[in-house]
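# Inside the fold
This is what each chain is made of:
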Amino acid sequence: MKTISAFVALLAALSTPVLANPANIAARATATSSSTLPAVSIKGNAFFAGNDRFYIRGVDYQPGGSSQAEDPIANAANCKRDVAEFKKLGLNTIRVYTVDNTANHDECMAALADAGIYLALDVNTPLYSINRAQPAESYNDVYLQSVFATIDAFASYSNTLLFFSGNEVINDDSTTSCAPYVKAVTRDMRQYIGSRGYRQIPVGYSAADVDSNRFEMAQYMNCGTDDERSDFFAFNDYSWCDPSSFQTSGWDKKVEQYSNYSLPLFLSEYGCNKNTRKFGEVASLYSTEMTAVYSGGLVYEYSEEGSKYGLVQINGDSVKELADFTALQTALQKTEAPSGTGGYKSSGGASECPAESSTWNVTGNGLPAIPVPAKKYMTQGAGKGPGLTGAGSQNAGTASTGTASAGSGQISATSTSKASAGSLHAPELGFAPFVCGFIILASTLFGATLL
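As the structure is a computational prediction, the values presented were derived from the model and not from experiment. Counting from 1, residues in each chain are numbered in the order their sequence is written. Given that the model is predicted, a residue must reach a pLDDT of at least 70 before its local features are reported, and side-chain atom pairs must reach 80 or more before they are shown or counted; all residues, however, enter totals for whole chains, interfaces and linings. As a convention, hydrogens and water are excluded, and side-chain values are obtained from all of the structure's heavy atoms.

## Some details on the side chain of Gln62
Helix and strand definitions follow DSSP, with helices as H or I runs of at least four residues and strands as E runs of at least two, each counted in order from the N terminus. Position of Gln62 among the secondary structure elements: in the loop between β4 (56-60) and α2 (76-89). For Gln62, a relative accessible area of 5% puts it in the buried group. By the convention used here, residues are in contact when the closest approach between their heavy atoms is within 4.5 Å. With sequence-adjacent residues up to four places away left out, Gln62 is seen in contact with Glu70, Pro72, Val96, Tyr97, Thr98, Ser303 and Glu305. Any residue under 20% of the maximum accessible area for its type is buried, any over 50% is exposed, and the rest in between are partly exposed; the area is computed with a 1.4 Å probe on protein chains only.

Here's what the structure looks like:
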């Protein structure tokens with residue numbers, strides 16, 4: 001009787017499909033948060049939180065500026081101070097440029113989740129990044145170890161919205177030769193996320209406000225085999241200077257130019273400050289004249305760092321809201337996201353790779369192969385990162401020694417140590433695995449009854 005009971009119980013278990021973890025993954029548990037935000041996925045050229053179109057309504061957040069390599073979300077007290085201001089603005093996203101991949105971010109990420117705010121995160125630091133003057137040497141295993149360690153530190157939070165593989169690495173026509181290395185890092189990050197069994201967190205690039213090659217970079221990040229293509233493309237845009245308009249700023253021409261682009265597109269920085277900022281562009285950015293192509297944007301920047309872009313002035317524990325804060329707050333309050341799906345493209349293929357030209361110095365479509373010593377991270381994990389005090393990577397480690405073959409970035413081995421699925425979409429399971437399991441189980445139990 002025990003044998004038959006076990007048989008029935010196991011048969012029942014086999015007949016129940018076991019699906020991957022759902023997209024609604026909870027933020028890492030802390031004593032201060034009970035919030036859960038839906039992990040954001042990509043459909044066509046848009047972001048979605050569950051079944052709802054997701055538009056980025058955010059600011060760039062790096063108190064101290066680029067001159068100080070500090071992690072603003074490792075300081076829980078300062079983070080909570082600023083979350084209160086984010087809520088006043090009605091934000092759903094912040095971008096952080098530099099983090100310490102050895103620090104604990106639980107408390108700040110929980111505070112952000114409680115406020116309904118996602119994180120768009122750059123994985124580079126001043127010491128661990130691609131050097132545009134020496135891209136081949138700086139694309140090495142020491143650098144990738146730091147990048148992958150940063151992914152490890154943030155992949156478990158449901159409000160990690162996306163990762164930037166680079167920011168303004170190409171800043172003029174002469175540095176377009178860096179493009180293959182930026183694209184290789186993007187490929188490697190996507191492969192690492194899948195190989196380690198994390199949910200499918202989008203990875204893409206933040207391009208500089210350079211008209212001569214920005215569209216070529218967008219095409220380049222979306223061409224080639226699927227493993228080489230980016231998940232999204234973002235760029236910094238300061239062409240709307242109040243008073244202006246959709247047509248005067250040239251934004252209408254950009255919408256037309258990117259109308260057939262198949263990846264989510266958004267502004268990673270915006271907010272020209274040549275004149276008094278009224279943020280008139282907000283009304284256009286979240287209107288149907290743009291939402292078929294754009295998914296919102298991030299205002300530069302939260303804190304005043306001497307360049308007159310700040311929304312607030314930070315002085316110790318206190319925050320002074322500046323005129324730009326009120327202007328942005330008013331603009332966002334007046335502008336709701338469009339209802340429905342905003343006219344997004346539900347499908348689309350790869351772009352054509354741009355041809356070499358006087359403003360695009362990339363020959364061929366091949367990418368550098370991942371540095372050989374970095375391959376082990378795909379199965380073993382990156383281990384502890386160097387943080388913000390490491391020796392740096394730009395003149396260290398082993399560089400790539402050849403050109404990657406097409407499809408080399410595909411996920412070939414998946415870690416079994418992670419609970420999260422490699423994709424946000426639960427797989428469809430056929431009946432065949434259960435039939436095979438039933439046959440094996442039946443044979444085993446039948447043999448046991450003969451012993």
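## Describing the packing of α2 against helix α3 (residues 106-114)
Only the contacting stretch of a helix is used when fitting its axis, a line to C-alpha atoms as for every element, and angles between N-to-C directions run 0 to 180 degrees. Packing of α2 against α3 leaves a shortest axis separation of 9 Å and a crossing angle of 15 degrees. Here α2 lies roughly parallel to α3, going by the angle between them. Crossing of α2 against α3: the hand is right-handed. Between α2 and α3, the residues in contact are Ala76, Cys79, Lys80, Val83 and Phe86 and Glu107, Cys108, Ala111 and Leu112, respectively. Any angle from 65 to 115 degrees is called roughly perpendicular, while one under 35 is roughly parallel, one over 145 is roughly antiparallel, and all others are oblique. If you view the pair so one helix is near and one far, a crossing is left-handed when the near helix is turned anticlockwise from the far one by less than a right angle, and right-handed when it is turned clockwise.

## Some words on the packing of aromatic side chains
Classification of ring pairs uses Phe, Tyr and Trp, with its six-membered ring standing for Trp, and accepts pairs whose centres are within 6.5 Å; under 30 degrees between planes counts as stacked, over 60 as edge-to-face, and the remaining range as tilted. All told, the structure shown has 25 aromatic pairs when counted by the stated rule. One aromatic cluster in this structure is built from Phe215, Phe233, Phe235, Tyr258, Tyr261 and Tyr294. Two conditions define a charge sitting above a ring: the NZ of Lys or the CZ of Arg must be within 6 Å of the ring centre, and it must be within 35 degrees of the ring normal. Here the basic side chain of Lys183 rests over the ring of Tyr220, its NZ or CZ set 4.4 Å away from the ring centre.

## Quick word on α3
Among the 9 residues in α3, 7 count as buried, and that is most of the element. Burial in α3 covers these residues: Asp106, Cys108, Met109, Ala110, Ala111, Leu112 and Ala113. Its buried side turned inward, α3 meets α2, β5 (93-96), β6 (118-122), α5 (141-154) and β7 (160-167). The positive-phi residue at the C-terminal boundary of α3 is Gly116, with phi of around 75 degrees.

## Some thoughts on empty space enclosed by the protein
It is the rolling of a water-molecule-sized probe over the atoms that shows where space remains empty. Here a cavity is any set of points on a 1 Å grid over the protein atoms alone where a 1.4 Å probe fits but cannot get out, and a pocket is any open set with protein on both sides within 12 Å along at least 5 of 7 lines; a residue lines the site when it has an atom within 4 Å of a point. Grid points are joined across faces, edges and corners, and a volume is the space filled by probe spheres set on the points. Using the criterion set out here, one finds 2 cavities of 30 Å³ or more in the structure. Ile170, Tyr205, Ala207, Ala208, Val210, Asn213, Arg214 and Met217 together form the lining of the largest cavity. Partitioned by chemical class, the residues of the lining of the largest cavity number 6 nonpolar, 1 polar and 1 charged. Here the second largest cavity defines a volume of roughly 30 Å³. Lining the second largest cavity, in full, are Arg57, Gly58, Leu91, Tyr270, Tyr286, Gly297, Val299, Leu328 and Leu332. Taken together, the elements giving at least two residues each to the lining of the second largest cavity come down to β4, β11 (294-299) and α10 (323-334). Tallied by class, residues from the lining of the second largest cavity come to 6 nonpolar, 2 polar and 1 charged. Ten residue types, Ala, Val, Leu, Ile, Met, Phe, Trp, Tyr, Cys and Pro, are classed as nonpolar, four, Asp, Glu, Lys and Arg, as charged, and the remainder, Gly among them, as polar.

## Let's talk about the nonpolar core
Counting residues in hydrophobic clusters, the biggest one holds 91 residues, and the most contacted among them are Val59, Phe86, Phe154, Phe163, Met217 and Phe233. If near-sequence neighbours (up to four positions away) are discounted, Met217 is found in contact with Ile170, Ala179, Val182, Tyr205, Phe233 and Trp360. Counting residues in each nonpolar core, the second largest holds 16 residues, with Val40, Ile56, Leu162 and Phe164 among its members. Here, nonpolar core means buried Ala, Val, Leu, Ile, Met, Phe, Trp, Tyr and Cys residues that are tied together by side-chain atoms lying within 4.5 Å of each other.

## Quick notes on the packing of α2 against α10
Look at α2 against α10: their axes get within 8 Å of each other, and the N-to-C directions meet at 45 degrees. Between α2 and α10, the interaxial angle falls into the category oblique. Touching Glu85, Lys88 and Leu89 of α2 are Phe325, Leu328, Gln329 and Leu332, all from α10. Residues belonging to the contact of α2 with α10 are distributed by class as follows: 4 nonpolar, 1 polar and 2 charged.

## What to know about α10
Because an α-helix completes one turn every 3.6 residues, residues spaced three or four positions apart along the sequence face the same direction. Expected span of a helix: the number of residues minus one, times 1.5 Å. Helix length check: α10 (12 residues) gives 17 Å between terminal C-alpha atoms against 16 Å at 1.5 Å per residue, within 8%. The complete set of buried residues in α10 reads Asp324, Phe325, Ala327, Leu328, Gln329, Ala331 and Leu332.

## Some words on the state of the cysteines
Disulfide assignment relies on a single distance test, namely cysteine sulfur atoms paired within 2.5 Å. Following the criterion strictly, the structure yields 3 disulfides and no others. There is a disulfide in this structure between Cys241 and Cys272, and the S-S distance comes to 2.0 Å. Classification of the bridge connecting Cys241 and Cys272 rests on its S-S torsion, roughly 95 degrees, and on that basis the disulfide is right-handed. Placement of the pair is Cys241 in the loop between β9 (232-237) and α8 (251-257) and Cys272 in the loop between β10 (265-270) and α9 (281-285), with a sequence separation of 31 residues. Judged by its relative accessible area of 17%, Cys241 is buried. For Cys272, a relative accessible area of 6% gives the class buried. Sequential numbering of the bridged cysteines in the protein chain gives the disulfide pattern 1-2, 3-6, 4-5.

## Things to note about the environment of Ser303
Relative to the assigned elements, Ser303 resides in the loop between β11 and β12 (312-315). A relative accessible area of 2% places Ser303 in the buried class. As for Ser303 and Pro63, which are separated by 240 residues in sequence, their C-alpha atoms are 5.8 Å apart. Excluding residues within four positions of it along the chain, Ser303 makes contact with Gln62, Pro63, Gly310, Val312 and Ile314. Definition of a polar contact: a pair of N or O atoms within 3.5 Å, with one able to donate and the other able to accept a hydrogen when the atoms are protein atoms, and with sequence-neighbouring residues admitted only if both atoms are side-chain atoms. At 2.5 Å, the side chain of Ser303 forms a polar contact with the side chain of Glu305.

## Focus on the pairing of strand β8 (residues 203-207)
Along a regular strand, successive side chains alternate from one face of the sheet to the other. Burial within β8 is extensive, with 5 of its 5 residues counted as buried. Sheet analysis places β7 next to β8, joined by 4 bridges and oriented parallel. Note on β8: the bridge partner recorded for Asn167 is Ser206. When the strands point away from the viewer, a crossover counts as right-handed if the path from the first strand over the helix to the second runs clockwise. Read as a crossover between parallel neighbours, the route from β7 over helix α6 (residues 179-195) to β8 is right-handed. When DSSP finds at least two bridges between two strands, those strands are taken to pair. With 4 bridges joining them, β8 and β9 adopt parallel strand pairing. The residue bridging Ser206 from the neighbouring strand is Ala234, located in β9. Crossover connection from β8 via helix α7 (residues 214-220) to parallel β9: handedness right-handed.

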